[in-house]
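Okay, here's what each chain looks like letter by letter:
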Protein chains: 2
Amino acid sequence: MSRTETVRLEDADGRVLAKKLIAPRDLPHYDRSIMDGYAVAASGTSVDTGALLKIVTGTRIDPGECMQVHTGSQIPEGADAVVMVEHTKLDGDEVEVLAQVSPGQNIGRAGEDVKKGSIVFPEGRQLKPSDVGLLASLGFIDVTVYERPNVRVIPTGEELVPRGREPCAGEMNESNGVMNLLYARRFGGAGSVHGIVTDDRKKLASALVEGIGYDLIVTTGGSSVGRRDLIAEVVNSMGKVLVHGVAIKPGRSVALGFVEAEGRKTPIVCLPGYPSACAIDSMVFVDPAIKKLGHLPPSQYRTQKATLTREIISEPGYRTYARVAIENCMATPIRAKDAAIVNSVSQADGYVIIPEGVCGFGAGSTVEVTFLE
Amino acid sequence: MSRTETVRLEDADGRVLAKKLIAPRDLPHYDRSIMDGYAVAASGTSVDTGALLKIVTGTRIDPGECMQVHTGSQIPEGADAVVMVEHTKLDGDEVEVLAQVSPGQNIGRAGEDVKKGSIVFPEGRQLKPSDVGLLASLGFIDVTVYERPNVRVIPTGEELVPRGREPCAGEMNESNGVMNLLYARRFGGAGSVHGIVTDDRKKLASALVEGIGYDLIVTTGGSSVGRRDLIAEVVNSMGKVLVHGVAIKPGRSVALGFVEAEGRKTPIVCLPGYPSACAIDSMVFVDPAIKKLGHLPPSQYRTQKATLTREIISEPGYRTYARVAIENCMATPIRAKDAAIVNSVSQADGYVIIPEGVCGFGAGSTVEVTFLE
């Protein structure tokens, strides 16, 4: 994805530079005082403790003279150092210097922070507020950044009814659409949600065709291998399923591939319908896809070491994402049955990721908890 | 700050609930199959490996019968378990059961996830995408949340000129305003930036009076004790400076207090003008202020253990925030002089926070690096 846009600095936080930025001028662009005090000529003549200097005004000083300056003031001609006001004593139109001064002291030289013509930031830099501050100091008012990947979320399932309508038995309010819209935004994308699509080949195909205009398609539901799980089949009919089923739990029925039409090829991630599986697969597969498309650096999740209060059993051969609640560096696994109780949702703080080759961790083990969301 | 607003679920990520949410119905709201397969009567009669069950349709089954169900299907009357389709063999209008089935198996009972009338989330919950998904499942379409604290950023300094204008010697383009606007947003606030205010008591006072209409005022520049550092004086004239100067470096000249007019009292943080000091003080003081005002949980910064490649010296009595670059778990302190060079800005990955009572850390020490921004 190489589309770019120009945004004002006010809107540039977290955005990724689409081209390197060259300093249009020195920073600072003049020799300046970095303290409040008096500019003096420290070299040649000795400005030592006890020296008395005559205060002058204007744009230059001679030996034996000094000029009052503030932080940011231009250094007058003839001066090569600044004595901090705290190290002086005012005596009529003279100043007594109370400390030794060496040439260059308390002066910021032109170009010392940034040299005119140097690279301020390379292409691909993700801007943070202090970066934006630096660019503002250099006189930038806007920057050219990569567009946010445009993600189309397509919720599927004939049991789904829109929010705002009371579901009958056998029906459910659609929820994965909005959840994945919010994930897409958190991951750095822009997103929108298609209306609910029932488990019908033609309707699914038509939603995917419309999705080809986006940078990434994310479907939810129907990714398994049941009679109503048609997504993989439809993707194969207009592109290719490259991966179907992965060794992670929850979330093993995810499918990855692309759809293609009119010379345009769009990647697609087909997420399972179970909310917990859908959420894990979104973090494991949709996040890096958006990062890649948007030239964004990978997510760095916060982690914390903790001691397990009871064992976690996992199925060997699967990478397992086990929800835990954390209190005082103790991690309590949330049992499958507990996970059905609403309070456990609030209690789940993070995940212990159990590698494929391990059957779990015993009570008392030290584990690393990852705060995925 | 107790103002609230109602936002759609699509806009609820990261927002804080202003009141607890009560489940308007059970989740699921009916007994449902959690697998594709066949609903059977497992209790009383034995449905054992090898049993042959007649497939029926409709809304109820009798012993010896079964009904095809999908994930999410309502469980027919008379059934109390679901056999996964993988554990069956279809034989005409009969199904052979290939595994043992126990009552309740593969059935999600009404209210098992959330009981109608129970508290889904308490007041103060900061919503994440999976929370929003749960609320969507329960039929919510919007939520009442606390408003984002409205932050007024006031850049001050007579040396400042607006961006878009080329600064002369002795002038600088204003940059702390936009940096702090972006910080305020990252911390969870809404923000806006006042025009540049020169170091003039009357103009400063007038900007602060206007700022009283906001939830938090953040000024930049003029917080020190020089002749032009008037902020503290002006704050005291219309409110109170509670703290002026703190033992942290960079950033020791910060002032904290409040301004008051017409019965309204607004907290104020006066940040120093040096960008690095301004940034640290923003993270140390503005962040928690916004969190407190917005009922938000405290920031949890990512940290990493690393080995110092060379020593960091800090002044005892000050908590020092030392910038470091990280590579392969090795942290290289960025020297004060290096920090003036632009590449060091890109290289600085995080901070080593050196406590007040310590003079620094030697080369080879293991330190914790905090990724503040």
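No experiment lies behind these values; they were computed from the predicted model shown.

Caption draft 1: Highlighting the environment of valine 225 of chain B. Residue and element names in this part refer to chain B. Turning to its location among the elements, valine 225 is positioned in the loop between β17 (216-220) and α4 (231-238). The exposed category is assigned to valine 225, around which 12 C-beta atoms lie within 10 Å. Taking the C-alpha atoms as reference points, valine 225 and serine 253, 28 residues apart in sequence, are found 8.1 Å from one another.

Caption draft 2: Focus on the environment of glutamate 315 of chain A. Within the secondary structure, glutamate 315 of chain A is located in the loop between β23 (312-313) and β24 (319-327). When sequence neighbours within four positions are dropped, the list of residues in contact with glutamate 315 of chain A reads Lys249 and Thr320 of chain A.

Caption draft 3: Molecular detail of helix α5 (residues 275-293) of chain B. Residue and element names in this part refer to chain B. Largest kink in α5: about 40°, centred on serine 282. Counting buried residues along α5, 14 of its 19 residues qualify, which places the element largely inside the surrounding structure. Following α5 by one or two positions, histidine 295 has its phi on the positive side, about 60°.

Caption draft 4: The arrangement of the sheet that holds strand β20 (residues 255-261) of chain A in detail. All names here are of chain A. Overall, mixed pairing links the six strands, which are arranged β16-β13-β17-β21-β20-β18 in an open sheet. On the outer flanks of this sheet lie β16 (190-193) and β18 (239-244), each paired with one strand and no other. In this sheet, neighbouring strand axes are inclined to one another by 20° on average, regardless of whether the strands run parallel or antiparallel. Where β20 and strand β21 (residues 264-271) come together, seven bridges link them in antiparallel fashion. For phenylalanine 258, the partnering residue across the bridge sits in β21 and is proline 267. Against the sheet, helix α2 (residues 176-186) makes contact with β13 (150-155), β16 and β17 (216-220), and its axis sits at roughly 165° relative to β13, the strand it touches most. Packed onto the sheet, helix α5 (residues 275-293) meets β13, β17, β20 and β21 and runs at close to 160° relative to β21.

Caption draft 5: A look at the relation of the copies chain A and chain B. The transform that puts chain A on chain B rotates by 180° and translates by 0.0 Å along the axis, for an RMSD of 0.1 Å. In short, the pair behaves as if placed about a two-fold rotation axis. No C-alpha of chain A approaches the rotation axis more nearly than that of arginine 302 of chain A, which lies at 2.5 Å. Most of the interface of chain A is mirrored in chain B, where 100% of its interface residues are also at the interface.

Caption draft 6: Summary view of the nonpolar core. Counting 78 residues, the largest nonpolar core has Val132 and Leu135 of chain A together with Val269, Val286 and Val352 of chain B as the members making the most contacts within it. The greatest single-element share of this core, amounting to 10 residues, is contributed by α5 of chain B. Leaving out residues up to four positions away in the same chain, valine 269 of chain B has contacts with Val218, Val254, Leu256, Phe285, Val286 and Ala289 of chain B. Counting 77 residues, the second-largest nonpolar core is a separate cluster that includes Phe187, Ile212, Leu216 and Leu271 of chain A.

Caption draft 7: Up close: the pairing of strand β25 (residues 330-333) of chain B. Residue and element names in this part refer to chain B. On β25, burial follows the alternation: Ala331 and Pro333 on one face are buried, whereas Met330 and Thr332 on the facing-out side are not. Examined bridge by bridge, strand β22 (residues 302-308) and β25 share two bridges and lie parallel to one another. Counted as the bridge partner of threonine 307 is methionine 330 from β25. As paired elements, strand β24 (residues 319-327) and β25 share four bridges and run antiparallel to each other. Note on β25: the bridge partner recorded for isoleucine 326 is alanine 331. In this structure, the hairpin formed by β24 and β25 is closed by a connection of two residues, where asparagine 328 is found at a positive phi of approximately 50°.

Conventions we followed
Residues numbered from 1 in each chain as written. Chains lettered and ligands numbered in written order. Predicted model: local features only at pLDDT ≥ 70, side-chain atom pairs only at ≥ 80, totals over all residues. Helix = DSSP H or I, 4+ residues; strand = E, 2+ residues; numbered from the N terminus. Buried ≥ 20, exposed ≤ 12 C-beta atoms within 10 Å, placed from the backbone. Contact = placed C-beta atoms within 7 Å. Bend = angle between axes of the 7 residues up to and from the residue. Pairing = 2+ DSSP bridges. Axes fitted to C-alpha atoms, helices over the stretch in contact; angles between N-to-C directions. Least-squares fit on C-alpha atoms with pLDDT ≥ 70 in both. Core = buried A, V, L, I, M, F, W, Y, C linked by C-beta atoms within 7 Å.

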